[in-house]
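Coordinate inspection notes
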Amino acid sequence: MFSVFIPSESSLKKAVVKDLSELPENVVWIDLVKPTAAEDRAVERLTGIAVPTREDMQEIEISSRLYIENSARYMTATLMCNSDSDMPKTTAVTFILAGHRLVTVRYDEPKPFALVEHKLARSCAAAITGEMVLMELLDAVIDRCADILERCGADIDQVSHDIFEPESERHGHAKQYSQILIAIGRKGDLTSKVRESLVSIGRLVTFLSAVMEGVKWSKDMREQLKTMQRDVSSLTDHASYLSNKITFVLDAMLGVVNLEQNNIIKLFSVMAVVLMPPTLIASIYGMNFKVMPELEWTHGYAYALVSMALAAVLPYVLFRWKKWL
């Protein structure tokens, strides 16, 4: 399906087109969502451009993502989807500037598109163009990436607090380390996807700046483009910082798990050492030899019990004195 947006006074209205062969000439933005072959042909007739297929959009080389063809500027970026869920993913979106008309091709529902659509439906410049819509989309995409990184940073801080919380607040094995490890893995995956998206957006903005050198863009749009470049650069650095922090938190988590395991093993070792002397005494007097003088003792049973108790207490006291426990 696809939507077309037409300027109307101070807003951008979505138009319903029933006949694909008669698209309005004053269309500013054509949004193709999972387009069919018929929709591709209709848009190609109106704009005079070739709409890339989904396979073309999946190409990763720069020459296949950022190029100029028949005076139209093709720009493909990787955007975030489902970032609020447990299964975030990325999707390729192509922006095509043909004259002063923008064509977007996508096969998913990135949130910035809905935000820009609602924003422009409320108010926009009277003489809005495809370039202006593109700038709004890119600005919304960058803001969205920033919001995701902010939320991810807060979540990582919470995970770090759960790992390094004071000893008095811990509740032994009630602490679910497996859940913390899952949370760390998810945040690492989300951060890497956001960084991938930012890198592709940075390349797109750089390409747009280069190809628009000879185009008469307004001073405000050029300044906005420079601001986007700075924002993308700073957000990419922040994403790298979060990735390093996640690596540190993961190492710390694994270290804490190892310490817990070592404490458990140490407890078993101490118990084995403490119980070894009593076990030795019980083994000696459990032997079935005929000549054993202690078997005739009146208080032999009590003597054996006391010996075993002392043999268990003395190693424990020694360990406590050495501060091994």
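So, a few notes on the structure that sits alongside this text. (Residues numbered from 1 in each chain as written. Predicted model: local features only at pLDDT ≥ 70, side-chain atom pairs only at ≥ 80, totals over all residues. Heavy atoms only, no water.)

**A closer look at the overall build of the protein**
Check the secondary structure of the protein and you find 8 helices and 7 strands. The globule rule puts the C-alpha radius of gyration for 325 residues at 20 Å, and the 34 Å found for the protein is more than 25% above it. With respect to the principal axes defined by its C-alpha atoms, the protein has extents near 115 × 40 × 35 Å. Counting every position in the protein, which comprises 325 residues, the buried fraction comes to 41%. With the model as given, the accessible surface of the protein reaches about 18,700 Å², and the carbon-plus-sulfur share is 58%. Averaging the coordinates of the 35 positive side-chain charges in the protein and doing the same for the 41 negative ones gives two points 3 Å apart. (Helix = DSSP H or I, 4+ residues; strand = E, 2+ residues; numbered from the N terminus. Rg over C-alpha atoms; globule rule 2.2 N^0.38 Å. Buried < 20%, exposed > 50% of the residue type's maximum accessible area, 1.4 Å probe, protein only. Areas by Shrake-Rupley, 256 points an atom, 1.4 Å probe, with all protein chains shown as cover. Lys, Arg positive; Asp, Glu negative; His and termini not counted. Charge placed at Lys NZ, Arg CZ, Asp CG, Glu CD.)

**Looking at the nonpolar core**
Among the nonpolar cores identified, the biggest contains 60 residues, and Leu12, Trp29, Met75, Phe95, Val133 and Leu208 are the most heavily contacted of them. Counting residues per element, the ones that place at least two in this core are β5 (72–81), β6 (89–98), α4 (111–122), α5 (130–163), α6 (177–211) and α7 (219–284). Residue contributions to this core peak at 16 residues, all from α5. Excluding residues that lie within four positions of it along the chain, Leu208 makes contacts with Met75, Leu97, Leu134, Met135, Leu138, Trp217 and Leu225. Core analysis: the second largest hydrophobic core is formed by 19 residues, Phe2, Ile30, Val43 and Tyr74 among them. (Core = buried A, V, L, I, M, F, W, Y, C linked by side-chain atoms within 4.5 Å. Contact = heavy atoms within 4.5 Å.)

**A closer look at the packing of α7 against helix α8 (residues 300–321)**
Packing of α7 against α8 leaves a shortest axis separation of 8 Å and a crossing angle of 155°. Judged by the angle between their axes, α7 and α8 are roughly antiparallel. For α7 against α8, the interelement crossing comes out right-handed. Here α7 contributes Val270, Val273, Val274, Pro277, Pro278, Ile281 and Ala282 to the contact with α8, which in turn contributes Ala304, Ser307, Met308, Ala311, Ala312, Pro315, Tyr316 and Phe319. For the contact of α7 with α8, the class distribution of residues is 14 nonpolar, 1 polar and no charged. (Axes fitted to C-alpha atoms, helices over the stretch in contact; angles between N-to-C directions. Parallel < 35°, antiparallel > 145°, perpendicular 65-115°, else oblique. Left-handed = near helix turned anticlockwise from the far one by under 90°. Nonpolar A, V, L, I, M, F, W, Y, C, P; charged D, E, K, R; others polar.)

**Some words on the environment of Ala127**
The residue Ala127 is located in the loop between α4 and α5 in this model. Classification of Ala127 by relative accessible area gives exposed; the value is 60%. Through-space distance from the C-alpha of Ala127 to that of Ser10 is 8.6 Å; in sequence the pair is 117 residues apart.

**Brief notes about the packing of aromatic side chains**
Inspection of every chain in the model, using the stated rule, returns 3 aromatic pairs. Measuring from centroid to centroid gives 4.8 Å for Tyr67 and Tyr74, while their planes differ by 5°, and the two rings are stacked. By relative accessible area, Tyr74 is classed as buried at 2%. Ring geometry for Phe95 against Phe113: centres 6.2 Å apart, planes inclined by 15°, an arrangement best described as stacked. Here Phe113 lies in helix α4 and Phe95 lies in strand β6, a separation of 18 residues in the sequence. For Phe113, a relative accessible area of 2% gives the class buried. By way of ring pairs, the aromatic residues Trp29, Phe95 and Phe113 are connected into one cluster. (Phe/Tyr/Trp six-rings, centres within 6.5 Å; stacked < 30°, edge-to-face > 60°.)

**Things to note about the sheet that holds strand β2 (residues 11–15)**
Spatially, 7 strands are ordered β2-β1-β3-β7-β6-β5-β4 in an open sheet, and the strand pairing comes out mixed. Both outer strands of the open sheet, β2 and β4 (66–69), are each paired with one neighbouring strand and no more. Ignoring strand direction, the axes of neighbouring strands in this sheet form an average angle of 25°. Pairing of β5 with β6, which is carried by 9 bridges, proceeds in the antiparallel orientation. For Leu79, the partnering residue across the bridge sits in β6 and is Thr91. Lying on the sheet, helix α1 (residues 37–47) is in contact with β1 (2–8), β3 (29–33) and β7 (101–106); it crosses β3 at an angle near 160°. Set on the sheet, α6 makes contact with β4, β5 and β6; between it and β5 the angle comes to about 165°. (Pairing = 2+ DSSP bridges.)

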